[in-house]
Amino acid sequence: MCRASILFFFLMISLSLFSQNICGKVIDEQGKPVEYANVIILKNDSSFVCGDVTNEEGYFFMNAIPDTIIVKVSCIGFKQFIMPFPSAGDIGIIKLSSETYILDGVTIKKDVIQNHLGGYSIRLKNYEVVKGKQITEALEFLPNVTFHDAELYILNKEPSAIYVDGIKLNNLKELQDIPAEEVEMVSVDYQGGAERNTSNRGAILHIKLKQPVIGGYFGWFRGGFRETSYGWGGERISKSFKIQLRNISLYNTFSYRRRLLFSDSNEEKRFLNTAKNAQIDTRFRNWYNIISDRLSGICQIAPNHVIEASLLYMYEDNKPHYDSGIVEEAHSRRQTSYHSHDYSKTTQIQGYYMWNSDKDAKQFKLNIDYLHKTDHLSQMADEEITTWANQNTKMLRFKPMFIGNVLHGQCKIGLDAQFIWFDDRQSSLCGKMKSKSPSVFIEYEGQLSDRFQYGAGLRYQYNKMSVSQEDKNNTISHGGVYPNMQMMYIINPQKGHFFNMMFEYATQEIPYSAISTYRIYNSPYYYIVGNPNLNIPTQWSLTGMLTLFNKLSLTIGTTHLKDDVEYITKTDSQEPNISFDQAINADRIRTYLMALEVMIKPTKWWIAKPRMDLMITSGKWVEYEMHYDMHWRFSLVNSFSFTNTFGGQIDIQYEPPYHFANMKHLAVTDIHGGLYKNLLSDKLRISFDFVAYRHDRDIITNTPAYYSYFDNNTKNLGFELTVTWFFKGGKKAVKDSEMEPLQEYNKIIPVR
């Protein structure tokens, strides 16, 4: 398959030789690049030849035929530009003139989604569902974007990266405080291409805030509290502030969260080898505090030269507490208590430099990213300290990249190197891990006609991970060529019919966070532990997506994984009456996905997106097998706009029971929503969110030596009240360049 992919890559380059290359750049009256301008090429009879949308630097790239005669450029806020097509094909720089519109009581409707190779872009200020919502709520109405268990999924996978104004977020919590009205544009790339590290599988989400103002500012303050009998409660405050001072733009965001988690459960355990049974009633309480502060700045140091830097500091304090009542056989009830105090500090520094040429659309980019995370873990059983660990993680990555026009298309070529150091000092032993992943990549995108676009890339990456614990050492290394390909065929541009197909072969992330042997207990009969002997997983996937009327989407795909890291329940060989979850490598896992969704508008004030997902999984571990287990998921998200200042949202999700490995996950139903009211000319917003019904998941675990029924009694009902104040000032909008941080700390954890 790898050979066939390489042949396809060079075939696409060869085919592009038969078309004429067109390139250029669109700027405004101040010389700033104009993003998302529509550039179309017409014949002498005004028939459409091809088109493109300018990128964040204002560039566009197309292929045309010899009898092309007219170039037409249009963008909201600018006068339309028309020029004869140059015979050389190099259009050069196009300067657009500003145009002001005063529309009183008139609504202009158009397709707000711009589809492109491997994804789409959507301008939220033209999208009806954003009013009164946070960006996490508005994202649910985008194609192939869903939320399940408070986690974001794109094409049923967690995104590999989320960027806000080009800054890579450390976690989803940074996204939750952004109001959707303050977002200018959202872009989704289903595949990141060969320039992305092969371990980062999943889509990339780009979010651009509304533009700052010269000599001015904009931002918001947000505060609220959540009251609940079960589930998450607590308070939070946040503020975001952006200011533009000539060639320097500064952006700061700060948030503090104090969260409380209340959960009750009952678990029946049977240890079949020892014929011992136990009933465990557990009260789980968790006190969680997090402080996050990020400062970013961008400066144009000279014409066509931009530098940017971002500093993140995050402090997390976590105090989970398990109180368990245990009944063993006919014995009397006894109480146990497990209390942990875990805190961590994360510091991340990101640097970025970009140079671009106005003449031939060449670019050079350099990214440098350093992350340092310290974790201090301790656990007490019945008020006595039993275990502790101090973990230190350092990550360094740099990536130089060159972009230019080659063979009538756009080509990217570059180097990429990542280094990770993990130090694990426990009360009983010490361990270390170090890894390196140097790579070189090339990527090419072109267009064979006005309806067919394609892209292909190759990446050679070498992974090496060395783990040492006391006198034990384990080293894993391998290198390989990892291709990816994507194509889009526009069936009918007027009606919004098109077809996408994507293929990629890659390794997964080096499992540095799942190798620690530190045991985390929540009862005398259960703990979680890592595995220092893990292999680095690999996978390949093929996905096809058909979109009709820009509203109905059908996705079918398959993913094949080798050495995938999953947590599996076992019994302790030294203590057969204790079960534990441990990270292990699956031999092979095959998943098949089918998803169907549609956007509908039953009334002028109601927009809905029903969606159905089916995941079929087969797999083999050392001890367990799965045979085409089916996992269904149904969801319905609804947005209501009763007036210009009052509306709401209701989401309904249902998952029938499904099997995974040696566990059966029982059904889950979730109904939640919210209302909002804008006051004082939309400067003040009051939001009321609620969970009407949710019963958390019950799990049955069945192995040859162990049986468990975990009955989760938590009913996550509650409400949240939030107040947001918006402020702004200034006269004239400007644009930022995009920075692309490279890495984040990802922890592999068991699902329970």
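All figures in this text were calculated on a predicted structure; none of them were measured in a lab.

Peer 1: Would you mind going over the pattern of salt bridges with me for this structure?
Peer 2: A full pass over the atoms with the stated rule returns 25 salt bridges. Its salt-bridge partner being Lys-131, residue Asp-682 comes within 3.2 Å of it at the nearest N-O pair. In this pair, Asp-682 sits in the loop between β43 (668-679) and β44 (684-694) while Lys-131 sits in the loop between β9 (119-123) and α2 (135-138), placing the two residues 551 residues apart along the sequence. In this structure Lys-131 comes out as partly exposed when scored by relative accessible area, which is 25%. Between Arg-236 and Asp-177 there is a salt bridge whose closest N-O contact spans 3.5 Å. Taken as a pair, Arg-236 in strand β17 (residues 231-245) and Asp-177 in the loop between α3 (173-176) and β14 (183-189) lie far apart in primary sequence, 59 residues in all. This pair shows no difference in class: Arg-236 is buried, exactly as Asp-177 is. Several salt bridges share partner residues, and in doing so they unite Asp-177, Arg-222, Arg-226, Arg-236, Arg-257 and Glu-720 into one network.

Peer 1: Hey, could you run me through the nonpolar core in this one?
Peer 2: Tyr-127, Ile-135, Leu-139, Leu-175, Val-186 and Leu-205 are the most contacted members of the largest nonpolar core, which has 42 residues in total. When contributions to this core are tallied by element, the ones reaching two or more residues are β9, α2, β10 (145-148), β11 (151-154), β12 (161-164), β14, β15 (204-209) and β16 (217-228). Judged by nonpolar contacts, the second largest core, of 18 residues, contains Ile-22, Val-34, Ala-37 and Val-71.

Peer 1: Looking at this model, I keep getting lost on the packing of aromatic side chains. Mind explaining?
Peer 2: We describe a pair of aromatic rings using the distance from one ring centre to the other and the angle between the two ring planes. Evaluation of the coordinates by the stated rule reveals 25 aromatic pairs. An angle of 45° between the planes, with centres 6.1 Å apart, marks the rings of Tyr-217 and Phe-727 as tilted. Taken together, the residues span a long stretch of sequence, with Tyr-217 in strand β16 and Phe-727 in strand β47 (residues 718-729) at a distance of 510 residues. Its relative accessible area of 35% is what places Tyr-217 among the partly exposed residues. For Phe-727, a relative accessible area of 18% puts it in the buried group. On the numbers, 6.1 Å between centres and 35° between planes, the contact of Trp-605 with Phe-640 is tilted. You can see Trp-605 sitting in the loop between β37 (600-603) and β38 (606-620) and its partner Phe-640 sitting in strand β39 (residues 625-641), a full 35 residues away along the chain. Assessed through its relative accessible area of 14%, Phe-640 is described here as buried. An aromatic cluster of three or more residues is present, and its members are Trp-605, Trp-606, Phe-640, Phe-642 and Phe-646. Its end group placed over the ring of Tyr-251, Lys-242 keeps NZ or CZ at 5.7 Å from the ring centre.

Peer 1: I would appreciate a short explanation of the sheet that holds β9 in the present structure.
Peer 2: Sheet strands line up and pair through hydrogen bonds in the backbone, either parallel or antiparallel. The six strands are arranged β8-β9-β14-β15-β12-β13 in an open sheet whose pairing can be described as mixed. At either margin of the open sheet sits one strand with a lone partner, and together these are β8 (113-116) and β13 (167-168). Pairing geometry for β8 and β9, over four bridges, is antiparallel. Pairing of His-116 across the sheet is with Gly-119, part of β9.

Peer 1: So what exactly am I meant to see when it comes to the confidence of the model for the protein here?
Peer 2: When pLDDT drops low, the exact placement of atoms in the prediction is not to be read closely. With 86% of its residues at a pLDDT of 70 or more, the protein has an overall mean of 82. Across residues 732-752, where pLDDT falls below 50, the model places 100 contacts with residues more than four positions away in sequence or in other chains.

Peer 1: Explain the sheet that holds strand β30 (residues 520-523) to me, please; I cannot follow it from the model alone.
Peer 2: Read from one edge of the open sheet, four strands run β30-β31-β35-β34, paired in mixed fashion. Two strands close off the open sheet at either side, each with one partner strand: β30 and β34 (565-571). Each strand axis lies, on average, 25° off the axis of its neighbour in the sheet, ignoring direction. When strand β31 (residues 526-529) meets strand β35 (residues 579-585), the two strands line up parallel, connected through four bridges. Within the sheet, the bridge partner assigned to Tyr-527 lies in β35 and is Phe-580.

Peer 1: When you look at the pairing of β35 in this model, what are you seeing that I'm missing?
Peer 2: Two faces make up the sheet, and in a regular strand the side chains alternate between them. In terms of burial, β35 is a largely internal element, seven of the seven residues being buried. Going residue by residue along β35, you find Ser-579, Asp-581, Ala-583 and Asn-585 tucked away on one face and Phe-580, Gln-582 and Ile-584 tucked away on the opposite face as well. Two elements, β34 and β35, share seven bridges in a ladder whose sense is antiparallel. Within β35, the residue paired with Thr-571 across the bridge is Ser-579.

Peer 1: Explain the pairing of β12 here, please?
Peer 2: Residues Ala-161 and Tyr-163 of β12 are buried on one face, and the alternating residues Ile-162 and Val-164, pointing to the opposite face, are buried as well. With four bridges connecting them, β12 and β15 associate as parallel partners. Looking at β15, one finds that Tyr-163 is bridged to His-206. As judged from the two bridges shared by β12 and β13, these two strands associate in the antiparallel manner. Each residue of the ladder has a partner; that of Tyr-163, found in β13, is Lys-168. Between the antiparallel neighbours β12 and β13 lie two residues, among them Asp-165 with a positive phi of about 50°.

Peer 1: Is there a simple way to think about the side chain of Ser-553 in this case?
Peer 2: In this structure, Ser-553 sits in strand β33 (residues 552-562). When neighbours within four sequence positions are excluded, Ser-553 is seen to be in contact with Asn-144, Met-545, Leu-546, Thr-547, Ala-595, Leu-596 and Glu-597.

Peer 1: Explain the environment of Ile-307 to me, please; I cannot follow it from the model alone.
Peer 2: With respect to the element layout, Ile-307 can be found in strand β20 (residues 305-328). Along the primary structure Ile-307 and Tyr-353 are separated by 46 residues, whereas in three dimensions their C-alpha atoms are 4.5 Å apart.

Peer 1: Help me out: how do you make sense of the environment of Ser-337 in this one?
Peer 2: Counting through the fold element by element, Ser-337 comes out in strand β21 (residues 334-340). The buried category is assigned to Ser-337, whose relative accessible area is 11%. C-alpha of Ser-337 to C-alpha of Tyr-322: the two residues are 15 residues apart in sequence and 5.6 Å apart in space. Of the polar contacts made by the side chain of Ser-337, one reaches the side chain of His-321; its length is 3.0 Å.

Peer 1: Hey, could you run me through the environment of Gly-231 in this one?
Peer 2: As for its placement among the helices and strands, Gly-231 is situated in strand β17. Taking the C-alpha atoms as reference points, Gly-231 and Arg-694, separated by 463 residues in sequence, lie 9.7 Å from one another. Among all residues touching Gly-231, those that are not within four sequence positions of it are Leu-260, Leu-261, Phe-262, Thr-714 and Asn-716.

Peer 1: Sorry if this is basic, but what is going on with unusual backbone geometry here?
Peer 2: In terms of backbone geometry, most residues other than glycine have negative phi values and most peptide bonds are trans. The backbone of Asn-550 shows a phi angle near 55°, a positive value even though the residue is not glycine. As for its position among the elements, Asn-550 is in the loop between β32 (538-548) and β33. The residue Leu-680 is not glycine, and still its phi comes out positive at about 55°. Tracing the chain through its elements places Leu-680 in the loop between β43 and β44.

Calculation criteria
- Residues numbered from 1 in each chain as written.
- Predicted model: local features only at pLDDT ≥ 70, side-chain atom pairs only at ≥ 80, totals over all residues.
- Heavy atoms only, no water.
- Salt bridge = Lys/Arg side-chain N within 4 Å of Asp/Glu carboxyl O.
- Helix = DSSP H or I, 4+ residues; strand = E, 2+ residues; numbered from the N terminus.
- Buried < 20%, exposed > 50% of the residue type's maximum accessible area, 1.4 Å probe, protein only.
- Core = buried A, V, L, I, M, F, W, Y, C linked by side-chain atoms within 4.5 Å.
- Phe/Tyr/Trp six-rings, centres within 6.5 Å; stacked < 30°, edge-to-face > 60°.
- Lys NZ or Arg CZ within 6 Å of the ring centre and 35° of its normal.
- Pairing = 2+ DSSP bridges.
- pLDDT = per-residue confidence, 0-100.
- Contact = heavy atoms within 4.5 Å.
- Axes fitted to C-alpha atoms, helices over the stretch in contact; angles between N-to-C directions.
- Polar contact = N/O pair within 3.5 Å; in protein donor to acceptor, adjacent residues only side chain to side chain.

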